[in-house]
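Chains, contacts and geometry: an overview
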Amino acid sequence: MVSGLFRYIETLQGQEPWGSVLDAGVGVNSAEWMTALPTTTRWTAVTAAPGHARQVREAVDARLRLQDRLLVGNWMDPALLEGEVHDVVLADYLIGAVEGFSPYFQEDLLRRLKPMVGRRLYITGLDPYVVGEVPDAAARCVREIGRLRDVCLLLADETPYREFPAEWVRDRLMEAGFRILSAKRFPNRYRARWVDGQLDMAVRRLPKIADRALAEALAGRIEALRAEGHGLAKSGDGLHVGFDYVIAAEPA
Ligand SMILES: C[S@@+](CC[C@H](N)C(=O)[O-])C[C@H]1O[C@@H](n2cnc3c(N)ncnc32)[C@H](O)[C@@H]1O
């Protein structure tokens, strides 16, 4: 099923043909969407993670044409797709993931992508969890799930993602030489499946935590939070917390 964010991007694109498209941070969702778009002349996709590339290839291999490319590389490498220009560039939850693959590179990434954008850049992202006082139990639970997940990643020697607010992305885009065409937020509703996905990510890191007593305490907290999250998701028809956003920009 195509996400509401991708549907919105389709409405922004309107009748304009897609042409040559670059998915600058590919995953199964964006790959399945982009490779099914009607008027692309070439699909190029980049991931920094070989595991991601394998999953994407399994999902869309049958649809790929001779001219389509799926590449493993890092935008920190100046030689990656050097000199190429694509009609449409997509950065789908890429800004948040950058911290895990090239820490502190978020602003540089926007400057790095700028000369590659022929006509349109579409960015999707997740607004960071609220800092300080939360509005309700669902918001507190979602924030704690995110923080517990990140704590486990850190203790397992990994770098968690770092999300940036839509306003931050908008302002950095303008500084990088883009004109903003549209910026819109979409309210999130997290289901029990999301609670499990996030907490299972934490559970998988527990064996890598050297202090076994700490790992066991974390395991207990994870399961308590899972029960709380499921309960709140059931009673509230999902956890209504926070926003995703879509920003459309063009070279100024
Ligand atoms: C959260 S995933 C994006 C979600 C994806 N579009 C989907 O459909 O699920 C982030 C992607 O950006 C890639 N990425 C993050 N930082 C990168 C970097 N510095 N260079 C290249 N790719 C990067 C990751 O390897 C991954 O493929």
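Refer to the structure printed above.
Let me sum up the structure you'll find in this document. Because the structure is predicted, anything quoted here is derived from the model rather than measured. (Residues numbered from 1 in each chain as written. Predicted model: local features only at pLDDT ≥ 70, side-chain atom pairs only at ≥ 80, totals over all residues.)

Considerations on the site of the ligand
The cut-off we apply is this: Using a C-beta atom placed from the backbone, a residue is described as near a molecule or strand when that atom lies within 6 Å of it. For the purposes of this entry, the term helix denotes a DSSP run of H or I that reaches at least four residues, the term strand denotes a run of E that reaches at least two, and both are numbered from the N terminus. Three classes are used: nonpolar for Ala, Val, Leu, Ile, Met, Phe, Trp, Tyr, Cys and Pro, charged for Asp, Glu, Lys and Arg, and polar for all others, with Gly counted as polar.
Not every one of the 22 residues close to the ligand is listed here, only the nearest: Gly-25, Gly-27, Asn-29, Thr-47 and Ala-97. Elements with a minimum of two residues in the shell around the ligand: helix 2 (28-34), strand 2 (40-47) and helix 4 (94-101). Per-element tally for the shell around the ligand: the top contributor is helix 4, with 4 residues. Partitioning the shell around the ligand into residue classes produces 13 nonpolar, 8 polar and 1 charged.

Remarks on helix 1 (residues 4-13)
Helical periodicity: at 3.6 residues per turn, an α-helix aligns residues three or four positions apart in one direction. Convention followed: With C-beta atoms placed from the backbone, a residue is buried if 20 or more other C-beta atoms are within 10 Å of its own, exposed if 12 or fewer are, and partly exposed between those counts. The directions considered for the arc are those from the helix axis to the C-beta atoms. By the convention adopted here, residues make contact when the C-beta atoms placed from their backbones lie within 7 Å.
All of the buried residues along helix 1 are Leu-5, Phe-6 and Ile-9. In an axial view of helix 1, the angular spread of the buried residues amounts to 95 degrees, which keeps them on one side of the axis. Turned more than 90 degrees off the buried face of helix 1, the exposed positions are Gly-4, Arg-7 and Thr-11. Looking at the buried residues of helix 1, the elements they touch are helix 2, strand 5 (117-126), strand 6 (178-190) and strand 7 (239-251).

Comments concerning the sheet that holds strand 5
For clarity, the cut-off: Strand pairing is assigned whenever DSSP identifies at least 2 bridges connecting the two strands. Structural elements are reduced to axes, namely lines fitted to C-alpha atoms, with helices fitted over the stretch in contact, and the angle between N-to-C directions of any two is expressed from 0 to 180 degrees.
In space, the 7 strands of this open sheet follow the order 3-2-1-4-5-7-6, with mixed pairing throughout. Taken across any chain shown, the strands that pair with only one partner, and hence form the sheet edges, are strand 3 (69-72) and strand 6. For this sheet the average axis-to-axis angle between neighbouring strands, irrespective of direction, equals 15 degrees. Alignment of strand 4 (residues 86-92) against strand 5, held across 6 bridges, turns out to be parallel. Across the sheet, Ala-91 pairs through a bridge with Ile-123, a residue of strand 5. The sheet contacts of helix 7 (residues 166-175) involve strand 5, strand 6 and strand 7, and relative to strand 6 the element is tilted by about 165 degrees.

Considering the pairing of strand 3
For a regular strand, side chains alternate in direction, first toward one face of the sheet and then toward the other. The criterion, for reference: For a crossover, the right-handed case is the one in which the path from the first strand over the helix to the second runs clockwise, viewed with the strands pointing away from the viewer.
Bridge analysis of strand 2 against strand 3 gives 4 bridges, and the strand direction is parallel. Bridge pairing in strand 3 places Ala-45 opposite Leu-70. With helix 3 (residues 50-60) bridging strand 2 and the parallel strand 3, this β-α-β connection has right-handed handedness.

Comments concerning unusual backbone geometry
Positive phi, close to 70 degrees, is recorded for Tyr-104, a residue that is not glycine. By secondary structure assignment, the location of Tyr-104 is in the loop between helix 4 and helix 5 (106-113). Assessed through the 9 C-beta atoms surrounding it within 10 Å, Tyr-104 is described here as exposed. If you check the backbone angles, Asp-157 has positive phi at about 75 degrees while not being a glycine. Summarising the element assignment, Asp-157 is placed in the loop between helix 6 (137-155) and helix 7. Look at Asp-157 and you get exposed, because 10 C-beta atoms sit within 10 Å.

Points about the packing of helix 6 against helix 8 (residues 192-205)
Quick note on the threshold: Throughout this description, any angle smaller than 35 degrees is read as roughly parallel, any larger than 145 degrees as roughly antiparallel, any in the 65 to 115 degree range as roughly perpendicular, and the remainder as oblique. Here a crossing is called left-handed whenever its near helix is offset anticlockwise from the far helix by less than a right angle, and right-handed whenever the offset is clockwise.
Axis separation between helix 6 and helix 8 bottoms out at 8 Å; the angle between their running directions is 20 degrees. In terms of axis orientation, helix 6 runs roughly parallel to helix 8. Helix 6 and helix 8 meet at a crossing whose hand is left-handed. Contact with helix 6, carried on its side by Ile-145, Gly-146, Leu-148, Arg-149, Cys-152 and Leu-153, involves Val-195, Gln-198, Leu-199, Met-201, Ala-202 and Arg-205 of helix 8 and no other residues of that element. A breakdown of the residues in the contact of helix 6 with helix 8 according to their chemical character gives 8 nonpolar, 2 polar and 2 charged.

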